[in-house]
Amino acid sequence: MDSSIELPTGYRPSESEPFMNERQKEYFRRKLLAWKDEILRESRSTLSNLQEDIGALPDLADRASTETDRALELRARDRQRKLISKIEAAIRRIEEDEYGYCEETGEPISLARLDARPVATLSLEAQERHERSERVHRDN
């Protein structure tokens, strides 16, 4: 993808322009890359915090509390690791001109949904159908 596309300051994709034109694709590509960079920065910070020695904590309650905090932090990092692969998949879809279209229906996903959830692969309607179906199967 040609990243030499200039985006005007404050640019936001609009329904009045052609869907997934070069400008919109560049907007979402930059948004996804910035999100990925932020997650990686937070992960580095977590790693340095986890490397601190907790054996030095003399109180068992303090040690247990710290262990619980670390377990929660590791679970959050695991979710973020999975999110990074979704971000990378979205960037690939941009490069392959498949970004912004529902995997299920092939219809465009609304710009508002993509702006709020740039890794979305389903339109809001398809996502709701999918969640209803999951609830039905879970309740059986």
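Residues numbered from 1 in each chain as written. Predicted model: local features only at pLDDT ≥ 70, side-chain atom pairs only at ≥ 80, totals over all residues. Heavy atoms only, no water.

Asker: Go over the environment of Ser 43 with me, naming the residues and quoting the values.
Answerer: Assignment of secondary structure puts Ser 43 in helix α1 (residues 22-50). Remark: the alpha-carbon pair of Ser 43 and Asp 78, spanning 35 residues in sequence, is separated by 9.9 Å. Here Ser 43 is in contact with Arg 77 and Gln 80, once residues within four sequence places are set aside. (Helix = DSSP H or I, 4+ residues; strand = E, 2+ residues; numbered from the N terminus. Contact = heavy atoms within 4.5 Å.)

Asker: Give a detailed account of a negative patch on the surface, specifying residues and quantitative values.
Answerer: A grouping of Glu 125, Glu 128, Glu 131 and Glu 134 is seen on the molecular surface, where their side chains present a negatively charged patch. By the secondary structure assignment, Glu 125 is in helix α4 (residues 124-139). (Patch = residues over 30% accessible without salt bridge, like charges linked within 9 Å, V, L, I, M, F, W, Y side chains within 5 Å. Areas by Shrake-Rupley, 256 points an atom, 1.4 Å probe, with all protein chains shown as cover. Salt bridge = Lys/Arg side-chain N within 4 Å of Asp/Glu carboxyl O. Lys, Arg positive; Asp, Glu negative; His and termini not counted. Charge placed at Lys NZ, Arg CZ, Asp CG, Glu CD.)

Asker: Describe the pattern of salt bridges, with residues and values.
Answerer: Across all of its chains, the model carries 12 salt bridges by this definition. Taking the shortest distance from any N to any O, the salt bridge between Glu 26 and Arg 29 comes out at 2.8 Å. In this pair, Glu 26 and Arg 29 are both assigned in helix α1, three residues apart and thus about one turn of the helix distant. The buried category is assigned to Glu 26, whose relative accessible area is 0%. Between Glu 42 and Arg 77 there is a salt bridge, with its nearest N and O atoms 3.8 Å apart. You can see Glu 42 sitting in helix α1 and its partner Arg 77 sitting in helix α2 (residues 60-95), a full 35 residues away along the chain. Residue Glu 42 is classed as partly exposed on the basis of its relative accessible area of 30%. The network of salt bridges with shared partners includes Arg 12, Lys 31 and Asp 115. (Buried < 20%, exposed > 50% of the residue type's maximum accessible area, 1.4 Å probe, protein only.)

Asker: Tell me about the environment of Phe 19, and name the residues and values.
Answerer: Within the fold, Phe 19 resides in the segment before α1. The sequence separation of Phe 19 and Gly 100 amounts to 81 residues, and the corresponding C-alpha distance is 8.5 Å. Those residues in contact with Phe 19 that lie beyond four places of it in its chain are Gln 24, Gly 100, Tyr 101, Pro 108, Ile 109, Leu 111 and Leu 114.

Asker: Could you give an account of the nonpolar core, with specific residues and numbers?
Answerer: Counting residues in hydrophobic clusters, the biggest one holds 23 residues, and the most contacted among them are Met 20, Phe 28, Leu 32, Ile 87, Tyr 99, Leu 114 and Val 119. Considering every element that reaches this core, the biggest residue donor is α2, with six residues. (Core = buried A, V, L, I, M, F, W, Y, C linked by side-chain atoms within 4.5 Å.)

Asker: Account for unusual backbone geometry, naming residues and giving values.
Answerer: The phi angle at Met 20 is positive, at roughly 55°, despite the residue not being glycine. Relative to the elements of secondary structure, Met 20 occurs in the segment before α1. Take Met 20: its relative accessible area is 9%, and that puts it in the buried class.

Asker: How would you explain the packing of aromatic side chains if you had to name every residue and give the values?
Answerer: Inspection of the entire model under this criterion finds four aromatic pairs. Taking 5.8 Å as the distance between ring centres and 75° as the angle between the ring planes, the aromatic pair formed by Tyr 11 and Tyr 27 counts as edge-to-face. You can see Tyr 11 sitting in the segment before α1 and its partner Tyr 27 sitting in helix α1, a full 16 residues away along the chain. A relative accessible area of 12% means that Tyr 11 is categorised as buried. The class for Tyr 27 is buried, based on a relative accessible area of 10%. Taken together, the ring pairs in this structure connect Tyr 11, Tyr 27, Phe 28 and Tyr 99 into an aromatic cluster. (Phe/Tyr/Trp six-rings, centres within 6.5 Å; stacked < 30°, edge-to-face > 60°.)

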